[in-house]
Amino acid sequence: MAQATSSSTPSVPAPLGTWGKLIRTARREPGLVLGVALLVLLLLAALFPSLFTSQSPIGVFIDRAMQPPSRDHWFGTDDVGRDIMARVIYGTRVTLAICAGSLLISAVIGGTLGLISGFFGGWTDQVLGRLVDVLLSFPPIILGVIITGVLGPDIINLVVALSIVYMPVFFRIARAGAMSEVGKTYVEAARSIGVRDSTVLSRHVMRNVLPLILTQYMILFPLILQIQAALGFLGLGVQPPTPDWGAIMEQGKDYILYAPWISVFPGLAVLIAALALMLVGRAVQKRMDQR
Amino acid sequence: MGSYLLKRLFASLLTAVLASILVFLLVRMVPGDVVAQMMGQAGGENAAGALREFFGLDQPIYMQYLTWITNVLQGNLGNSWTRGLPVTDMIGPAFLVTLEIAILTLAVATLVGVPLGILAGIYENRPLDTAIQTFNILGLAAPVFWVGLMLLVGVSAVIGWSPPLRFVPITRSLSDNLSILILPIASLGLLQAAAYSQFVRQNVVSALNQEYVRTAIAKGVPIRVVFFKHILRNVLIPIITFMGLILIQILGGTVIIESLFALPGLGRLLLTAIETRDYPVLQGALLIVVVSAMVVNLVVDLTYRLIDPRVRVA
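Residues numbered from 1 in each chain as written. Chains lettered and ligands numbered in written order. Predicted model: local features only at pLDDT ≥ 70, side-chain atom pairs only at ≥ 80, totals over all residues. Heavy atoms only, no water.

A. Broad picture of a nonpolar patch on the surface. Together, V36, V40, L41, L44, L47, F48, L51 and F52 of chain A make up an exposed nonpolar region whose accessible area comes to about 730 Å². Following the sequence through the fold, L41 of chain A ends up in helix 3 (residues 30-47). (Patch = residues over 30% accessible without salt bridge, like charges linked within 9 Å, V, L, I, M, F, W, Y side chains within 5 Å. Areas by Shrake-Rupley, 256 points an atom, 1.4 Å probe, with all protein chains shown as cover. Salt bridge = Lys/Arg side-chain N within 4 Å of Asp/Glu carboxyl O. Helix = DSSP H or I, 4+ residues; strand = E, 2+ residues; numbered from the N terminus.)

Quick look at the structure:
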């Protein structure tokens, strides 16, 4: 950060074109550019998996089982001869959609409750705050394990569990944001001219708290991805034959010393996706802090 | 301090009670009837009714909770439904395994993470910092079970060694015990070291940017003195606070790592109890995990107040 300001202050910057701007950003924040590039690639894989592979992610070919990576199967094949590369690529959509959706549910429910709690205070705030404290006393992964374990492995249950895990975090962020807005003059002014509380909340306060929630969404995304993968790995997440990164690793666990490629590549996919999300999340947070 | 301590203890106690209710309800969210599931097709209505009465499932749910919590407060977590053993006898040894993993992992994370973070902070934006930051972000992004698997494969491919399959408690043989734990601890410890180092780096950088540190450097105080007197002192407090966070992360991480390396700790006990629908064991293990996390938080909070006079006054 110190470097960025010192290099930009001395001379008046000449007007730059789109490419110039892009190159300048790339030089200043290589992490952000790498993150965005990886995210674009992941999004393409999620939306158009057939662009990246011609193999089927669920086609079983027993005669081709457990083959190490080769020209025909870049990532090798699993114990029933399915192509690992196709499974990892098709798994992108399943894994990322589950994470993005669950986190969105957390953000909407947790954020709304937090806004209400922080804005109105009083009893609602006391009760909700207590509940959130209780949820926060569980280590996140354990909460995920218990909920999916008890409800049974199923995509809906997985989404329920994952959306509960980080709901308290969104609640706290939104609550703190709403509380700091309540004291501001514009809220007082709006109230004094007779604007209803619900309108102040939804029109003004929410608009100011939303950036905080969005930043938090970006920060939590890689974390929820790791929990999702861990649950899959424990056999509590997506069930085979649906391709999902965690579930592919669960399947490869038993063959780890004979056929490590089954687990290596889906794990690498989790790592790359989490890395991309973290790089972008950090850049977003830095911008927010500067504001 | 006294009144704060009382308030804090009361709040923790209230959270613990609410958490115990949540634990109890969570376990009972199981769809379908557990007894029916246990008996399968065999047995008639009479047998099922008898079983339900035996487990206390015929009582209303609040009565079941009261019975359970009264026993818990007397140190009795009930008996396992699948193995007949007292739950405390099952949790005791499992807790020791998890505790050993947690302490050793914390040691690795601290010994690796803190020095790396300090170095990265001092050499901000130089190649060494870039290298350490790369390690940090990779460590934060890598899934723990994958790192465990990769270490397992890597070690066996490079030196042809793989850890023994049967767990040996530390009380029987230290060397055998450690040879089993080395890979799980390395995988968990390195990842937590990355988180630790990242955190310490941020604190060192912000300490270096303080006016008084700049003044000290500008007036010619030797860097070593500045470091120990001004920077380290200020960074020490967040380092200790973060230790608690890391410990809670480790507590969660052990569930995965114990399952991967077949270690008989709390996490594995929890997973087995879920699979076999063993309510008493599940409730007991979960309660121990939550209470442990709470105690860690409480201790961190109090240490923080004890060592930082600024917080004490405020």
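From this point on, the discussion continues.
B. Spatial organisation of the interface of chain B and chain A. With 46 residues of chain B at the interface, the matching set in chain A holds 38 residues. Carbon and sulfur atoms supply 81% of the area that chain B and chain A bury against each other, a total of about 3,700 Å² over both sides. On the chain B side of the contact with chain A, I137, F145 and W146 of chain B bury the most area, a combined 16% of that side's loss. Connecting chain B to chain A are 0 salt bridges. Of the residues contributing to the side of chain B that touches chain A, the split by class is 37 nonpolar, 8 polar and 1 charged. (Contact = heavy atoms within 4.5 Å. Buried area = accessible area lost by both parts, 1.4 Å probe. Nonpolar A, V, L, I, M, F, W, Y, C, P; charged D, E, K, R; others polar.)

C. Expanded view of the packing of helix 5 (residues 87-122) of chain B against helix 10 (residues 223-261) of chain B. Residues and elements named next belong to chain B. Packing of helix 5 against helix 10 leaves a shortest axis separation of 8 Å and a crossing angle of 140°. With respect to each other, helix 5 and helix 10 are oriented oblique. The chirality of how helix 5 crosses helix 10 is right-handed. Residues T98, I101, A102, T105, L106, A109, T110, V114, I118 and I122 of helix 5 form the contact with helix 10, whose participating residues are F227, L232, I239, M243, I246, L247, I250, L251, T254 and E258. Looking at the contact of helix 5 with helix 10, its residues break down into 15 nonpolar, 4 polar and 1 charged. (Axes fitted to C-alpha atoms, helices over the stretch in contact; angles between N-to-C directions. Parallel < 35°, antiparallel > 145°, perpendicular 65-115°, else oblique. Left-handed = near helix turned anticlockwise from the far one by under 90°.)

D. Highlighting the pattern of salt bridges. All names here are of chain A. Under the criterion given, the structure shown has 9 salt bridges over all chains. Of the charged contacts in the structure, one is a salt bridge between R82 and D78, with a shortest N-O distance of 3.0 Å. Residue R82 shares its accessibility class with D78, and that shared class is buried. Each member of the salt-bridge network shares a partner with another, and the members are R130, D133 and R172. (Buried < 20%, exposed > 50% of the residue type's maximum accessible area, 1.4 Å probe, protein only.)

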